[in-house]
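# Notes for the structure review
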Amino acid sequence: MEYYSQKAAGITPYTPGERPVKPLVRINTNENPYPPSPDALAAACGVAALRLYSDPDAMEVRQAVVSAEKATGVALGAENVFVGNGSDDVLSMCYQAFFPPVGAEDKPLLIPDISYSFYPVFANLYGVAYQEEPLDEKFAVVSAGYLRPNAGVVFANPNAPTGIYKPLEEIVPILEYCLHRSVVVVDEAYIAFGGVSAATLLSRFPNLLVVRTLSKSHALAGLRVGYALGHPDLIEGLKRIKDSVNPYAVDYIAQKTAAAALRDVAYCAGITARILATRERVAQRLREMGFEVLPSSTNFLFVTHEGVDARRLYEGLADGGIWVRYFDMPRIKNFIRVSVGTDEEMDVFLERLARLLVPYGREASKKNKKIHILNTES
């Protein structure tokens, strides 16, 4: 007998990256390979007031966000910032606050056909009608597809799992079309690793909401803190949802740690620079091995090889204790996503990858000869 609801029975949940018990190298979940800021760790260890409820408004975190944005030239106030239990929590509230359920309107929410797989999950969970807009042949978001009646727009920039960044001048037409019509949510989980933030457009577009996370750039994936930037009316909409579900969604330790991490701008910039240097080195090595590497503005690489079956490659790497991400989806089923780890981790990955491929050489690859997967037990 099933005791859960019909809605629960009909939902296909989000599937996180696999977490093997004892991997040699786990580069499949886009976590930061470096530890958090020492200031953040000190703040987490220094918390003593756990008998108290956390601040439901997370004001210390909001002020830290305001200061961090000011340093980049974006002038905001605390009224422009909302803090949630990770960016997934913030995105979930966006669906509840801004996008009407099926039947309320006949206009769909628009999302890319290849993007963060939580977007359609949330739509199904909250009964929001949606349509997927195809990326172009180079896996870029096509602005023209969003210039039609809609109940809202959600997309990641840089996108995941492709890693491709969409320039702001190509986002502006979407914002202009949706102005006074619908909310545009730009998910910037990876913006620290490439591109200019859409936060620079907030003063022009009250229908824009920028969503961020501290999981990637600040190495705090286990803490679960995310935030949104937008017009006070949008922030109020999110707050209404949060306060109707869980006013204390962000706990005391998380708030103290997150605020300290946001204030330590120099540390975040330092580990980000190390990740970018490793990303470019590994991307170049993969190209030399015959892989096509999509241009990445993230802390991961999305790669394919015309002579290699991606699933078999994924399985061969896993047999050697190297975990990457494989998506069995149309258009990208011959790609793997490789998170950027430490230099040592990436060297192990590259060594295992080389052992999986029979070295035909560049000319053989150009002639479309198949690259054979070696015995995965070797």
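Residues numbered from 1 in each chain as written. Predicted model: local features only at pLDDT ≥ 70, side-chain atom pairs only at ≥ 80, totals over all residues. Heavy atoms only, no water.

### Side note on the packing of aromatic side chains
Quick note on the threshold: Centres within 6.5 Å are what make two rings of Phe, Tyr or Trp a pair, Trp counting through its six-membered ring; a difference in plane orientation under 30 degrees is then read as stacked, over 60 as edge-to-face, and the rest as tilted. Each residue's exposure class comes from its accessible area (1.4 Å probe, protein chains only) as a fraction of the maximum for that residue type: buried when under 20%, exposed when over 50%, partly exposed otherwise. Charge-over-ring contacts are defined here by two conditions on Lys NZ or Arg CZ: a distance within 6 Å of the ring centre and an angle within 35 degrees of the ring normal.
In the structure shown here, the tally under the stated rule is 13 aromatic pairs. On the numbers, 5.8 Å between centres and 75° between planes, the contact of Tyr116 with Phe118 is edge-to-face. Using a relative accessible area of 16% as the deciding quantity, one classes Phe118 as buried. Taken together, the ring pairs in this structure connect Tyr95, Phe99, Tyr116, Phe118, Tyr119, Phe122 and Tyr126 into an aromatic cluster. One residue, Arg181, lies across the ring of Tyr177, its end atom 4.5 Å from the ring centre.

### Some words on the sheet that holds strand β12 (residues 325–326)
Threshold: Strand pairing requires that DSSP identify at least two bridges connecting the strands. Per the convention used, a helix needs a DSSP run of H or I reaching at least four residues, while a strand needs a run of E reaching at least two, with both numbered from the N terminus. By definition, residues are in contact when any of their heavy atoms lie within 4.5 Å. Axis lines are fitted through C-alpha atoms, for helices just across the contact stretch, and the angle between N-to-C directions can take any value from 0 to 180 degrees.
Pairing in this open sheet of 4 strands is antiparallel, and the strands run β9-β10-β13-β12 from one edge to the other. At either margin of the open sheet sits one strand with a lone partner, and together these are β9 (292–293) and β12. Here strand β10 (residues 300–304) pairs with strand β13 (residues 335–339) via 5 bridges, running antiparallel. The residue bridging Thr304 from the neighbouring strand is Phe335, located in β13. Helix α10 (residues 310–319) rests against β12 and β13 of the sheet, and its axis sits at about 35° to β13.

### Here we look at the sheet that holds strand β4 (residues 130–133)
The strand order across the open sheet built from 7 strands is β2-β8-β7-β6-β5-β3-β4, with neighbouring strands paired in mixed fashion. Edge positions in the open sheet fall to β2 (81–84) and β4, since each of these has one partner strand only. Strand-to-strand, the axes of this sheet are offset by a mean angle of 20°, without reference to chain direction. Direction of pairing for strand β5 (residues 152–156) relative to strand β6 (residues 184–187): parallel, over a ladder of 4 bridges. Along β6, the bridge assignment pairs Ala156 with Asp187. The strands that helix α3 (residues 59–71) touches are β2, β7 (208–213) and β8 (226–230); relative to β2, the one it contacts most, it runs at about 125°.

### Observations concerning helix α11 (residues 343–356)
Rules: To estimate the expected span of a helix, count its residues, drop one, and scale the result by 1.5 Å.
Its 14 residues give α11 an end-to-end C-alpha distance of 20 Å, which sits within 8% of 20 Å, the value for a rise of 1.5 Å per residue. Contact partners of the buried residues in α11: α9 (265–288), α10, β11 (322–323) and β13.

The quantities given are spatial measurements derived from coordinates; they are silent on function.
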